[in-house]
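Chain by chain, the residues:
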Amino acid sequence: MSLQLTRLRIEQLRQFRQPFELSPLVPGLNIFAGPNEAGKSTLVRAIRAAFFERYRSKAVEDLRPWGDAGAMPQVEIEFLLQNQAGHLVKSFLSSKARCSLSWGGAQLDGAEAEDRLAQLFGYGFASKGASRPEHWGIPGLLWVEQGTGQELADAAAHARDHIHSALQVQMSQTTAGAVAATGADELLAKFQTQRDELLTATGKPRASYLEAIQQSEQLQQQLTELDERINRYQQQVDQLAALRHEHQQDERERPWEALRQRLAEAQQAEQRLQLTAQQLAEAQATAQRQDQQHQLLLNQIQSFEQLQQSLAQRQQAAQQAALALQQADEACSVAQQQADQASQQAQRARDALNRARQHATRQALDKQLQESQEAAKRYEQTLHDADEKQAQLDQLKAQAAACALSRTEVDALRKLERQLQDLNLQRQAVSTRLQFALQGTQAIELQGVHGTEALTGQGERLLAEAVTLKLPGVGQLTVTPGGQDLGALARDCAQLQSELQARLQALGLADVAQAEARLQQHQDWLSQISVTQQMLAHLAPKGLEPLKQAWVNAQGQMQSAQTALAQLPAPPDEGESGHELLSWTAAEAAQQAADQLDARTRQVLAQAQQAKARAEAQVQATQREWERAQSDLANPERVTLHQQAQRQLLQLEQERRVQTLLVQELTRQREEARPDIVRQDIERLSRSIAQQEQAHQQRHTRIQVLENELQLAGAQGLEEQRQLCFGELDRAQRRVTELRRRAQALALLCAKFEGKRQAALARLQAPLQKHLQHYLQLLFPQADVQVGEQLTPDTLVRRTATGAAEVSQFDALSFGAREQLALISRFAYADLLREAGRPTLLILDDALVHSDAMRLSAMKRVIFDAAQRHQVLLFTCHPEAWRDMGVPIQSIQR
């Protein structure tokens, strides 16, 4: 069905307070451009409100201009549908709001007009409140708002019934096709609901089916537990009989009694071993004491023998110490002689050094005295010359100060004089010149503001102000000079003359020429002062006071040198002294060598004296030790103790041999008895007795427990419980079988039905797939798009350069790619709806802003191709991007 908007007019709607109109709107592509906030989205909103919103709706406040509560937004649209002109007028938010539709020779108003419009265009209205996307139908799918170009799934779902109806027109009316397109989904959904009541999405039991299985498993577990309890009851009966037989046998035989007898024998053997061990310990202790006593006697005997050896050693040490003392005494005498000689030589070197120092000091003082005398004379002469130059400089400064005048002051006087001259010249140029020539003694009286003057003879006067000429016997003439600036020039001249005279008087000058002469004289004095200062600086660079101080210092150094020379002893006569006079350096070297030799000899003497003292101490010590050793050996008590120790040692050695034999015998007896094995026997027999008695007692306790348990189990009626549980289990298993068969049947039915549905859906999707593929080749050559069950693009298959298939889910594509593919899908829906006779209109508000240049170029071809079959209203804020579409771009200007 052909649909074309031909004119759009809005008034009092958002920023369009005044009427605004878009016309004419032509078939095919219409491009409207304007900057941001120009109202492009408002125009799209106006079209949507004209169709989607009830004229009495209060939920369209966003249409009212801001701040204008009395405004009544109005939209007027003219269109062609099925080659018949239509006219729609709709206004909102007012008591005068209305809706008027004329089309096909019919005139409709109000809700009737709105319902008729919805029927024609394929959408609906909300029962209450603002219109929502689920009511927009076909226009909601084909009219793209700003920023929603990539959102396709919801819009396609809301228009699904209209798309299905369009597809049914183009597909064959087979039974499978009719079922798939009409009641198949409901029937399949019913079967799936019944299947899902029994099975999960993964095919596992759920709800009543799962409860039946769990109940069957619980009953099976109860039956298993009952069988185990019955088997355990029978085993306990058999076990009780066996335990009673074993208990009676132990009561008769009492095997622990024999073990107790063997335990008593082992304990007696252990007591005997303990006695033997005690005897062995005592024998070993006695042997140890004998060993200690034997060692003490040996030490005592060895001590006496060592004392005898020590006496001979100490006698030899005393002799060696006496010899060492003699040698040390001789070395000490030699060292003393060498030290005395070195000390005398050092003293002679010190005397020679003193003489050399006095000689050098005398020479230095003589030189210092001569230099200080010369310096004093030189400083005295320089000081005299500097005093003369300073007096001359002071006189020059006084003369320069008397005629001091700066060049700035002279320049200022010159400037005033030049200004005065210029003003006088100007005054003369504009003043009235009065020339007179009087005969004889005739006189004319000139009377002005400065007084009266008698003019006689010949002359000339410049009149700068009004004067009166009195002519005797004739009368008087008043002469007024012309020119407007003459008075001002006179005043300026007088002012400059006064200022010049004041400055000259202040400086004590008569005129400027005298000032220039004084300035030149002052410069001359300054030049002489500079020369004198340079000469004075040459004589006294640091000033007169440092020069005077230098002269005083030279006098002091001269007196100090004279005093020092007077204090020095008289120089010795070389013939009388008998010693050669050395230089100071040679004397110092000789003195240092003598001091070093003296120090070494003193050190050797000290070492020799220390060695002699040590030798004397050693002689005394060795003599005392030798005498003490002789005294010790001559002591009768020590001799008697030595003899007694020898006798005791012989007797102790015999006793040690007897005790050793006793220890060996006791050790052999203990080892043969194997005390470790005896202890093991005692432990083993004790454990065996305890285990036998414990086992007998535990068996008795177990018999009592089993008797009680068997009595209790017999009272519970386990066989009757098993029969009841078995019956319930049989019923539960039949229920599980019934539900399993039903679930399997429903799953099989759903699978079969789903297969038929997919086959029918493939035939249903074929027309849409064809239109999608038509546009897709313009954007992605050699690509395929798969349509999902919701009749929206599901996957995009593209071929790489190597021929491999690259599969991308629609939701995984980039924002720009999703927007491009969604627009292509909308164009395909439009083609499909047009073939089915449904009205189509495409509105794109700022679409494809996320496309790169290459993709945008391809999408332009897609849009231009779609515009050959549909009217397309494209709104953009980038007109430069759409200049190659072959249609004029209309500018939106309010």
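Residues numbered from 1 in each chain as written. Predicted model: local features only at pLDDT ≥ 70, side-chain atom pairs only at ≥ 80, totals over all residues. Heavy atoms only, no water.

(A) Geometry of the overall build of the chain. When helices and strands are counted, the chain shows 20 helices and 20 strands. Taking 29 Å as the expected radius of gyration for a compact globule of 894 residues, we find that the chain reaches 74 Å, considerably beyond that expectation. Based on the C-alpha atoms only, the size of the chain along its principal axes is roughly 185 × 160 × 60 Å. A total of 894 residues make up the chain; the buried ones form 36% of that total. Across the chain, the fraction of contacts at a sequence separation of at least 24, relative to all contacts at a separation of at least 6, is 70%. (Helix = DSSP H or I, 4+ residues; strand = E, 2+ residues; numbered from the N terminus. Rg over C-alpha atoms; globule rule 2.2 N^0.38 Å. Buried < 20%, exposed > 50% of the residue type's maximum accessible area, 1.4 Å probe, protein only. Contact = heavy atoms within 4.5 Å.)

(B) How the structure looks around the side chain of S100. Inspection of the secondary structure assignment puts S100 in strand β6 (residues 99-103). Separated by 2.8 Å, the side chains of S100 and Q107 make a polar contact. Leaving out residues up to four positions away in the same chain, S100 has contacts with H87, L88, V89, Q107, L108 and D109. (Polar contact = N/O pair within 3.5 Å; in protein donor to acceptor, adjacent residues only side chain to side chain.)

(C) Layout of the packing of helix α10 (residues 407-430) against helix α11 (residues 486-507). Where α10 contacts α11, the two axes come as close as 9 Å, and the packing angle between them is 155 degrees. Comparing the axis directions of α10 and α11 gives the class roughly antiparallel. Note that α10 runs across α11; the crossing there is left-handed. Contact with α10, carried on its side by E409, A412, L413, L416, E417, Q419, L420, L423, N424, Q426, R427 and V430, involves L486, L489, A490, D492, C493, L496, Q497, E499, L500, R503, L504 and L507 of α11 and no other residues of that element. (Axes fitted to C-alpha atoms, helices over the stretch in contact; angles between N-to-C directions. Parallel < 35°, antiparallel > 145°, perpendicular 65-115°, else oblique. Left-handed = near helix turned anticlockwise from the far one by under 90°.)

(D) The arrangement of empty space enclosed by the protein in detail. Following the criterion strictly, the structure yields 2 cavities of 30 Å³ or more and no others. For the second largest cavity, the calculated volume is near 40 Å³. If you go around the second largest cavity, the residues you meet are L3, F121, I138, P139, L142, W143, P839, T840 and L841. Sorting elements by how many residues they give to the lining of the second largest cavity places helix α3 (residues 137-142) first, with 3 residues. Classifying every residue of the lining of the second largest cavity by side-chain character gives 8 nonpolar, 1 polar and no charged. (1 Å grid on protein atoms, 1.4 Å probe; cavity = no way out; pocket = protein on both sides within 12 Å on 5 of 7 lines; lining within 4 Å. Points joined across faces, edges and corners; volume = space filled by probe spheres on them. Nonpolar A, V, L, I, M, F, W, Y, C, P; charged D, E, K, R; others polar.)

(E) Expanded view of the sheet that holds β6. Pairing within the open sheet is antiparallel, and its 6 strands lie in the order β2-β1-β4-β5-β6-β7. In the strand order of this sheet, the two ends are held by β2 (20-22) and β7 (106-109), each with one partner. On average, adjacent strands in this sheet sit at an angle of 10 degrees to one another, irrespective of strand direction. As judged from the 8 bridges shared by strand β4 (residues 74-81) and strand β5 (residues 84-91), these two strands associate in the antiparallel manner. Within β5, the position partnered with Q74 by the bridge is S91. Contacting β1 (3-11), β4, β5, β6 and β7, helix α2 (residues 110-121) crosses the sheet at an angle of about 50 degrees to β6. (Pairing = 2+ DSSP bridges.)

(F) Expanded view of helix α8 (residues 207-253). Between its first and last C-alpha, α8 extends 67 Å over 47 residues, near the 69 Å set by a 1.5 Å rise per residue. One or two positions beyond α8, positive phi appears at R254, with a value near 45 degrees. (Expected span 1.5 Å × (residues − 1).)

(G) Here's a closer look at the packing of aromatic side chains. Scanning all chains against the criterion turns up 11 aromatic pairs. Ring centres 6.2 Å apart and planes at 80 degrees place the aromatic pair F79 and F121 in the edge-to-face group. Here F79, found in strand β4, pairs with F121, found in helix α2; they are 42 residues apart in sequence, far enough to count as distant. We classify F79 as buried; its relative accessible area is 2%. Here F121 falls in the buried class, since its relative accessible area comes to 3%. (Phe/Tyr/Trp six-rings, centres within 6.5 Å; stacked < 30°, edge-to-face > 60°.)

(H) Local environment of the environment of S530. You can see S530 is positioned in helix α12 (residues 512-539). Since its relative accessible area comes to 32%, S530 is described here as partly exposed. Sequence-wise, S530 and G86 are 444 residues apart; in three dimensions their C-alpha atoms are separated by 116 Å.

(I) Up close: the pairing of strand β15 (residues 784-787). Of the two faces of β15, only the one carrying V785 and V787 is buried; D784 and Q786 on the other face are not. Sheet topology note: the β15/strand β16 (residues 793-799) ladder contains 4 bridges and is antiparallel. The residue bridging D784 from the neighbouring strand is V797, located in β16.

(J) Region of interest: the side chain of E53. Secondary-structure assignment places E53 in the loop between α1 (40-52) and β4. Apart from the residues lying within four places of it in its own chain, the contact partners of E53 are R45, R48, V60, K90, F92, E114, F125, A130 and S131.

(K) Here's a closer look at the confidence of the model for the chain. Summing up the model confidence of the chain, the mean pLDDT is 80 and the portion of residues at 70 or higher is 91%. Below a pLDDT of 50 lies the segment residues 172-182, which in the model reaches 16 contacts outside its immediate sequence neighbourhood of four places, other chains included. (pLDDT = per-residue confidence, 0-100.)

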